[in-house]
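Each chain, letter by letter, is given below.
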Amino acid sequence: MNLILFGPPAAGKGTQAKRLLESRRMVQLSTGDMLRAAIASGSELGQRVQGIMQRGELVSDEIVVALIEERLPEAEAAGGAIFDGFPRTIAQAQALDLMLKGRGKRINLVVRLRVDDPALVERVAGRFAESGRADDNPESFKVRLAAYNAQTAPLLPYYQAQGNLIEVDGMGSIDAVAQAIDKALDAAHG
Ligand code: ADP
């Protein structure tokens, strides 16, 4: 089972991915987490992406596709992947489809978390105050939302055409959203 958690920045993808890990045999593949780990380690890759991420812009397709490709065998061995924050462009989605196809797999379900812009801005302001994540400042967040609308939202028709897109109201409580995702996953399994 391969699942994409899809939605704008701060929609709750990471939170829900971590919840799902507790109940399902899957591996979370978050390109955001991988990139932050690269920055924390001080690697050459980390140094290359730090400024880009801080400004709220997208890292190149080449970099994130390579990060995901490296982790696919591990996810497959675990029983599937929860993709979180990836793919973010049509080129990434096409690369993912190809990589999975090469392994005899596919994306089974895309869950879109719907959260409106004012709620996102409010959430990220709270998160910035708590964690101080460098790209949660208002200026960078504006750039991240714009990148989502310009480059990532076009993936919705792409996955709709594949027939595996479902929408979940992401404005509810963490538990309510988790339940809605669980229901969708069970239906997709059945
Ligand atoms: P959020 O979903 O809250 O925006 P992420 O952790 O998914 O947070 O992403 C943080 C930043 O990491 C993005 O703004 C971008 O700079 C970079 N990034 C993460 N995933 C990708 C991706 N798939 N393609 C390009 N850039 C990415």
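See the structure above.
Bear in mind the structure is a predicted one, so any value in this text is a computation, not a measurement.

Colleague: What is the right way to read the pattern of salt bridges from this model?
Modeller: If the charged atoms of two oppositely charged side chains come close together, the side chains can form a pair. Inspection of the entire model under this criterion finds 14 salt bridges. The shortest N-O distance in the salt bridge between Glu74 and Arg71 comes to 2.9 Å. Here Glu74 and its partner Arg71 are both found in helix 4 (residues 61–78), three residues apart, which amounts to about one turn of the helix. Taking the shortest distance from any N to any O, the salt bridge between Arg133 and Asp135 comes out at 2.7 Å. The exposure class assigned to Arg133 is partly exposed, which follows from its relative accessible area of 22%. A residue is classified by how much of its surface remains accessible, and Asp135, at 9% relative accessible area, is buried. Each of Arg127, Arg133, Asp135, Asp136 and Arg144 takes part in a single network of salt bridges with overlapping partners.

Colleague: Explain the packing of aromatic side chains here, please?
Modeller: The relation between two aromatic rings is expressed through the spacing of the ring centres and the mutual angle of the planes. Applying the stated rule across the entire model yields three aromatic pairs. Plain terms: the ring middles of Phe6 and Tyr148 are 6.1 Å apart, the flat faces sit at 55° to each other, and that makes the pair tilted. With a gap of 142 residues between them, Phe6 in strand 1 (residues 3–6) and Tyr148 in helix 7 (residues 138–152) connect regions that are remote in the sequence. As far as the burial class goes, Phe6 and Tyr148 line up, both buried. Ring plane angle 40° and centroid distance 6.3 Å describe the contact between Phe83 and Phe86, whose orientation is recorded as tilted. Across this residue pair, the class does not change: Phe83 and Phe86 are buried.

The rules we used
- Residues numbered from 1 in each chain as written.
- Predicted model: local features only at pLDDT ≥ 70, side-chain atom pairs only at ≥ 80, totals over all residues.
- Heavy atoms only, no water.
- Salt bridge = Lys/Arg side-chain N within 4 Å of Asp/Glu carboxyl O.
- Helix = DSSP H or I, 4+ residues; strand = E, 2+ residues; numbered from the N terminus.
- Buried < 20%, exposed > 50% of the residue type's maximum accessible area, 1.4 Å probe, protein only.
- Phe/Tyr/Trp six-rings, centres within 6.5 Å; stacked < 30°, edge-to-face > 60°.

None of this, on its own, says anything about what the molecule does.
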